[in-house]
Amino acid sequence: MAANWDTFATAEPDLARTVEDRFGAFTHHVLATLRKDGSPRTTGLEVRFLDGELWLGMMPNSLKALDLNRDPRFALQANPGPGTGMGGGDVRISGRAIGVEEAGTKAAYMKEVEPPEPFHLFRTELTEVVRTYVEDDKYLVVEVWKPGEPVRTLKRT
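Residues numbered from 1 in each chain as written. Predicted model: local features only at pLDDT ≥ 70, side-chain atom pairs only at ≥ 80, totals over all residues. Heavy atoms only, no water.

K.L.:
Give a description of the packing of aromatic side chains that names residues and reports values.
P.N.:
A full pass over the atoms with the stated rule returns 6 aromatic pairs. Pairing Trp-5 with Phe-49 gives two aromatic rings, centres 4.6 Å apart and planes at 55°, and the pair type is tilted. Here Phe-49 lies in strand β3 (residues 47-50) and Trp-5 lies in helix α1 (residues 5-11), a separation of 44 residues in the sequence. Relative to Tyr-109, the ring of Trp-55 lies with its centre 6.1 Å away and its plane at 55°, an arrangement referred to as tilted. Of this pair, Trp-55 sits in strand β4 (residues 53-58) while Tyr-109 sits in helix α4 (residues 103-113); the two residues are 54 residues apart in sequence, bridging distant segments of the chain. Judged on exposure class, the residue Trp-55 and its partner Tyr-109 are both buried. (Phe/Tyr/Trp six-rings, centres within 6.5 Å; stacked < 30°, edge-to-face > 60°. Helix = DSSP H or I, 4+ residues; strand = E, 2+ residues; numbered from the N terminus. Buried < 20%, exposed > 50% of the residue type's maximum accessible area, 1.4 Å probe, protein only.)

K.L.:
Explain the pattern of salt bridges to me, using residue names and the numbers behind them.
P.N.:
According to the stated counting rule, one finds 11 salt bridges in the structure shown. Between Glu-135 and Lys-155 there is a salt bridge, with its nearest N and O atoms 2.7 Å apart. With Glu-135 in strand β7 (residues 120-135) and Lys-155 in strand β9 (residues 152-156), this residue pair connects regions lying 20 residues apart in the sequence. Residue classification places Glu-135 among the partly exposed residues on the basis of a relative accessible area of 22%. Classification of Lys-155 by relative accessible area gives partly exposed; the value is 49%. Taken together, the shared-partner salt bridges in this structure form one network comprising Arg-41, Asp-67 and Arg-70. (Salt bridge = Lys/Arg side-chain N within 4 Å of Asp/Glu carboxyl O.)

K.L.:
Which residues make up α4, and what are the values?
P.N.:
For α4, every residue scored as buried is listed here: Lys-106, Tyr-109 and Val-113. Across the axial projection of α4, the buried residues extend over an arc of 60°, all falling on one side. Set apart from the buried face of α4 by more than 90 degrees, the exposed residues are Ala-103, Lys-111 and Glu-112. Buried residues belonging to α4 abut β3, β4 and β7. Following α4 by one or two positions, Glu-114 adopts a phi angle in the positive range, close to 55°. (Arc of directions from axis to C-beta. Contact = heavy atoms within 4.5 Å.)

K.L.:
Can you explain unusual backbone geometry? Please cite residues and give values.
P.N.:
Following Glu-117, the chain continues into Pro-118 via a peptide bond in cis, with omega recorded as -10°. Inspection of the secondary structure assignment puts Pro-118 in the loop between α4 and β7. For Glu-114, which is not a glycine, the phi torsion comes out positive at approximately 55°. Examined against the element boundaries, Glu-114 turns out to sit in the loop between α4 and β7. Even without being a glycine, Asp-137 presents a positive backbone phi close to 50°. Within the element layout of this structure, Asp-137 appears in the loop between β7 and β8 (139-145).

K.L.:
Account for the nonpolar core, naming residues and giving values.
P.N.:
Counting residues in hydrophobic clusters, the biggest one holds 25 residues, and the most contacted among them are Leu-56, Leu-76 and Ile-93. Secondary-structure elements contributing two or more residues to this core are α1, α2 (13-24), β4, α3 (63-70), β5 (73-77), β6 (90-99) and β7. The greatest single-element share of this core, amounting to 4 residues, is contributed by α2. In contact with Ile-93, not counting residues within four places along its chain, are Trp-5, Val-19, Phe-23, Leu-54, Phe-74, Ala-75, Leu-76, Leu-126, Glu-128 and Val-129. Core analysis: the second largest hydrophobic core is formed by 7 residues, Leu-50, Trp-55, Val-100 and Tyr-109 among them. (Core = buried A, V, L, I, M, F, W, Y, C linked by side-chain atoms within 4.5 Å.)

Now the structure itself:
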């Protein structure tokens, strides 16, 4: 089961806002894809939250775009920023990236983002959103959301 960003944000608005804030704090994040041989590839990436979707834009024929065209599974980690503060916690998103070729959708994205052309554009289908943070300098808290389920919160000392 998968959901787009709007479905997640409607189901869990507080967590979605926190995740967007973490991704909005820095420009570049880390995308993990699967190479042709199945091994992981990690690369830098900018992301955009627009019109109820989480978008991934990439240079033409970049290895990460080729990976996603072959196997759409991805994991996306927000840039933790400098130092060890981790304000807002550590957030990551897993799912599938769906290539977008529809001219009107790409034109709307171009108008908003102004990427260099040509480019690959992917919308995302989320399978999991996770936030990890420290509470009261005592507990490690992990919040996990999956489509069709409420947020599950785990606390460890």
